[in-house]
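# Reading the structure
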Amino acid sequence: MDTKAIIRPAAVLLVIAGVAAGLLGAVSEITKEPIAAQEQKTLNEGMMAVMPEASSFEQVDAELTGTITAVYAADNGGYVITAAPGGFGGAVNTMVGIGADGVVTGLRVTGHSETPGLGAKSTEPAFYEQFTGVSGTVSVTKDGGQIVPITSSTITSRAVCAGAQEALDWFAANGGAN
């Protein structure tokens, strides 16, 4: 067998792979800053939605417990807390605003892998607006609470309640309103 028949295609493949890798690296570098800026914009918009009476937020270097992923202090004395409790299809990323008085000022589901048409309804105002004004214990009506679960999606509804409860518990444990 002729070694040229092996070496030449291998060299061509190596050059093609090198060019492709270089282009991927360049595209990654070019898009890094715009992606980071868009993610920060989305985060800020979410925080303003769950705590509209605040104008700025600063991430707090706090001990994160349970499924809490980040804590942000608002300039009005409240906090925005993100959590990722487990739902039916995986983590249900939840953002909860808590006022200085320990009352939920707003809640949004910012990401999930729940069933379309069922658990995905957690992102609709008819569901998440129930959390505004809640304090103390947060649970669905099936568990004796005040949150009406999404029909045929109690697991997702319980996950969102768990995220809100963890946020309220963190707030209370870290010097918030009792």
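Residues numbered from 1 in each chain as written. Predicted model: local features only at pLDDT ≥ 70, side-chain atom pairs only at ≥ 80, totals over all residues. Heavy atoms only, no water.

## Details of a nonpolar patch on the surface
Defined as follows: Distance thresholds for patches are 9 Å for like charges and 5 Å for nonpolar side chains (Val, Leu, Ile, Met, Phe, Trp, Tyr), applied to residues having over 30% relative accessible area and no salt bridge. Surface exposure here means Shrake-Rupley accessible area, sampled with a 1.4 Å probe, where a residue is shielded only by the protein chains that are shown. Only one rule defines a salt bridge in this text: a Lys or Arg side-chain nitrogen within 4 Å of an Asp or Glu carboxyl oxygen. Numbered from the N terminus, helices here are DSSP runs of H or I no shorter than four residues, and strands are runs of E no shorter than two.
Residues V15, V19 and L23 make up a contiguous nonpolar surface patch of roughly 290 Å² in combined accessible area. Inspection of the secondary structure puts V15 in helix 1 (residues 4-50).

## Section: the pattern of salt bridges
It is possible for side chains bearing opposite charge to pair when their charged atoms get close. Quick reminder of the rule: Remark: exposure states derive from per-residue accessible area (1.4 Å probe, protein chains only) relative to the maximum for the residue type, with buried under 20%, exposed over 50%, and partly exposed in between.
In this structure the tally under the stated criterion is 3 salt bridges. Between E45 and K41 there is a salt bridge, with its nearest N and O atoms 3.7 Å apart. Of this pair, E45 and K41 both sit in helix 1, 4 residues apart, which is roughly one turn of the helix. R158 is the salt-bridge partner of D143, the closest N and O atoms lying 2.8 Å from each other. Highlighted residues: D143 in the loop between helix 2 (125-128) and helix 3 (154-173) and R158 in helix 3, separated in sequence by 15 residues. By relative accessible area, which is 42% here, D143 ends up partly exposed.

## Notes on the pairing of strand 3 (residues 79-83)
When a strand is regular, its side chains alternate between the sheet's two faces. Here is the rule we go by: Only strands joined by at least two bridges in the DSSP assignment are considered to pair.
With 4 of 5 residues buried, strand 3 lies mostly within the body of the structure. Pairing between strand 2 (residues 68-74) and strand 3: 5 bridges, direction antiparallel. Along strand 3, the bridge assignment pairs I68 with A83. Hairpin connection from strand 2 to strand 3: 4 residues lie between these consecutive antiparallel strands, with G77 at a positive phi of about 95°. Sheet topology note: the strand 3/strand 4 (residues 93-98) ladder contains 5 bridges and is antiparallel. Its bridge partner lying in strand 4, V80 is registered against G97.

## Overview of helix 1
Think of an α-helix as 3.6 residues a turn; residues three or four steps apart then line up on the same face. Our working rule: In this analysis, the expected span of each helix is defined as 1.5 Å times one less than the number of residues it contains. Throughout, bend refers to the angle between the axes fitted to the seven residues that end at a position and the seven residues that start at it. When checking whether two residues touch, look at their non-hydrogen atoms; a contact exists if any pair is within 4.5 Å.
In a regular helix each residue adds 1.5 Å, so 47 residues correspond to 69 Å; helix 1 covers 66 Å between its end C-alpha atoms and thus fits that length. Along its length, helix 1 reaches its greatest deviation from straightness, about 40°, at K32, and the proline P34 lies no more than four positions downstream. All of the buried residues in helix 1 are G46, M47 and V50. The elements touched by buried residues of helix 1 are strand 1 (57-59), strand 2, strand 3, strand 4 and strand 5 (104-111).

## Details of the environment of K4
Among the secondary structure elements, K4 is positioned in helix 1. Here K4 falls in the exposed class, since its relative accessible area comes to 63%. Along the backbone, K4 and A167 are 163 residues apart, and their C-alpha atoms lie at a distance of 66 Å.

## Some details on the sheet that holds strand 5
Each strand in a sheet pairs with its neighbour through backbone hydrogen bonds, running either in the same direction (parallel) or in the opposite one (antiparallel). Definition in use: Axis geometry follows a simple rule: fit a line to the C-alpha atoms, using only the stretch in contact for helices, then measure angles between N-to-C directions, giving values from 0 to 180 degrees.
Strand order in the open sheet made by the 5 strands is 1-2-3-4-5, with antiparallel pairing throughout. Looking at strand neighbours, the two that pair on one side only are strand 1 and strand 5, the edges of this open sheet. Averaged over all pairs of adjacent strands, the angle between strand axes in this sheet comes to 20°, irrespective of strand direction. The sheet strands contacting helix 1 are strand 1, strand 2, strand 3, strand 4 and strand 5, and the helix crosses strand 4 at an angle near 50°. Sheet strands touched by helix 3: strand 2, strand 3, strand 4 and strand 5. Its angle to strand 4, the strand with the most contacts, is close to 40°.

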